[in-house]
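Architecture at a glance
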Amino acid sequence: MARDFYAVLGVAKTATGEEIQRAYRTLARRSHPDVNKEPGAEDRFKEITEAYRVLSDPSLRREYDARASVPSGGGFRGGPAAGGGPGGGFQDFADFEDLFGFGPVRGADAEATITITLEDSYRGGHRTVTLPDGTRLGVTIPRGIAEGQRLRLAGQGAGGLGGGPRGDLHLVVRFAPDPRYTVDGRDLTVRLPVAPWEAALGAKVPLRTPAGEVLLDVPRGSSSGRRLRLRGQGLPGARPGDLYAEVRVMVPPDPTPQERRLFEELARASAYDPRSAS
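Residues numbered from 1 in each chain as written. Predicted model: local features only at pLDDT ≥ 70, side-chain atom pairs only at ≥ 80, totals over all residues. Heavy atoms only, no water.

Nonpolar side chains collect at one region of the surface, where Trp197, Leu201, Phe263 and Leu266 lie side by side and expose about 450 Å² of accessible area between them. Elements supplying a minimum of two residues to the nonpolar patch: helix H7 (196-201) and helix H8 (257-269). You can see Phe263 is positioned in helix H8. For Phe263, a relative accessible area of 32% gives the class partly exposed. (Patch = residues over 30% accessible without salt bridge, like charges linked within 9 Å, V, L, I, M, F, W, Y side chains within 5 Å. Areas by Shrake-Rupley, 256 points an atom, 1.4 Å probe, with all protein chains shown as cover. Salt bridge = Lys/Arg side-chain N within 4 Å of Asp/Glu carboxyl O. Helix = DSSP H or I, 4+ residues; strand = E, 2+ residues; numbered from the N terminus. Buried < 20%, exposed > 50% of the residue type's maximum accessible area, 1.4 Å probe, protein only.)

This brings us to the pattern of salt bridges. A complete count under the given rule lists 16 salt bridges for this structure. Asp168 serves as the salt-bridge partner of Arg152, at 2.9 Å between the closest nitrogen and oxygen. Taken as a pair, Arg152 in strand E4 (residues 150-153) and Asp168 in the loop between E4 and strand E5 (169-175) lie far apart in primary sequence, 16 residues in all. Given the relative accessible area of 8%, Asp168 is considered buried. Across the pair Glu246 and Arg227 runs a salt bridge, and its minimum N-O distance is 3.7 Å. Of the two residues, Glu246 sits in strand E11 (residues 243-249) while Arg227 sits in strand E10 (residues 227-230), which places them 19 residues apart along the sequence. It is possible to trace a salt-bridge network through shared partners that takes in Arg62, Glu111 and Arg150.

It is worth spelling out the side chain of Ser121 at this point. Tracing the backbone shows Ser121 in helix H6 (residues 118-123). Judged by its relative accessible area of 0%, Ser121 is buried. Non-local contacts of Ser121, meaning those with residues more than four positions away in its chain, are made with Ile116, Pro142, Arg143, Gly144, Ile145, Phe175 and Leu235. (Contact = heavy atoms within 4.5 Å.)

A general tendency of soluble globular proteins is for nonpolar side chains to be buried together. Counting 32 residues, the largest nonpolar core has Leu171 and Leu192 as the members making the most contacts within it. For Leu171, the residues in contact, after removing those within four places along its chain, are Ala112, Ile114, Val129, Val139, Gln149, Arg150, Leu151 and Leu153. Ranked by size, the runner-up nonpolar core spans 19 residues in total, among them Tyr6, Val8, Val11 and Val54. (Core = buried A, V, L, I, M, F, W, Y, C linked by side-chain atoms within 4.5 Å.)

On to the packing of aromatic side chains, then. The tally for this structure, following the rule as stated, stands at 3 aromatic pairs. Consider the rings of Tyr6 and Tyr64, whose centres lie 6.1 Å apart with planes at 50°: the pair is tilted. Here Tyr6, found in helix H1 (residues 5-9), pairs with Tyr64, found in helix H4 (residues 58-68); they are 58 residues apart in sequence, far enough to count as distant. A relative accessible area of 3% means that Tyr64 is categorised as buried. The residue whose ring lies beneath Arg143 is Tyr122, and the NZ or CZ to ring-centre distance is 5.8 Å. The positively charged end of Arg227 is found above the aromatic ring belonging to Tyr244, 4.3 Å away from the centroid. (Phe/Tyr/Trp six-rings, centres within 6.5 Å; stacked < 30°, edge-to-face > 60°. Lys NZ or Arg CZ within 6 Å of the ring centre and 35° of its normal.)

Take the pairing of strand E8 (residues 203-209) next. As paired elements, E8 and strand E9 (residues 212-218) share 7 bridges and run antiparallel to each other. Residue pairing across strands places Leu207 opposite Val214, the latter belonging to E9. Counting the residues in the hairpin turn of E8 and E9 gives 2 residues. (Pairing = 2+ DSSP bridges.)

The analysis is restricted to geometry; functional conclusions fall outside its scope.
Take a look at the structure:
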């Protein structure tokens, strides 16, 4: 990384969108080539504007931070540099009137996290979220939204300057821990407890899925850890995920006298050694 954009604007790496915007406006006023005639002012203004362009955009900022964390990650390639538009002027990112308060400036975008349940994603629906300023908003949860995806709330970001519009708020989706399911993208994994005789002989076992109960065929000779795939039964979407039922062979915690006798009889009759078979 040739430049540290945070250092260019004089802000911390944890700076909010509003702090980045304030720092940019202060520095840009000092370095704008229509005001500052010192040598190098134009280059300084371009650098400030480029830093603001990247750090004020959540997606570009994430890409920049990711590349900055890799020692040999190469240069940042987040689009054209400031002032690189037609004519080589500064109108793409900083109008002279905007800098001095004569024109509206759009507010910076903001980012927050929203935690939903797996059921919220599977069914879709509505949630109420509380913003940092205390505002409560209703949010529509699209059916099949995956962890890490974003919901955009237009006009709910930082306030604009000089009468400019507010920025947008981007809500990053996180799943609350689920007691039954493990989530991997759109795929779900659930434990399937089976009795020793069901695992050895094969059986049809009921399994509760997000879509309802199904009767699952457990092949004979199934050991713990075997994964049975239910295609398309994971999170819905244009390409639905799969549901994996992971076999867990369970034994009676307190065998009855009859169960104990039968297990002892099986032990005497069977030559199977699970340790030699592994």
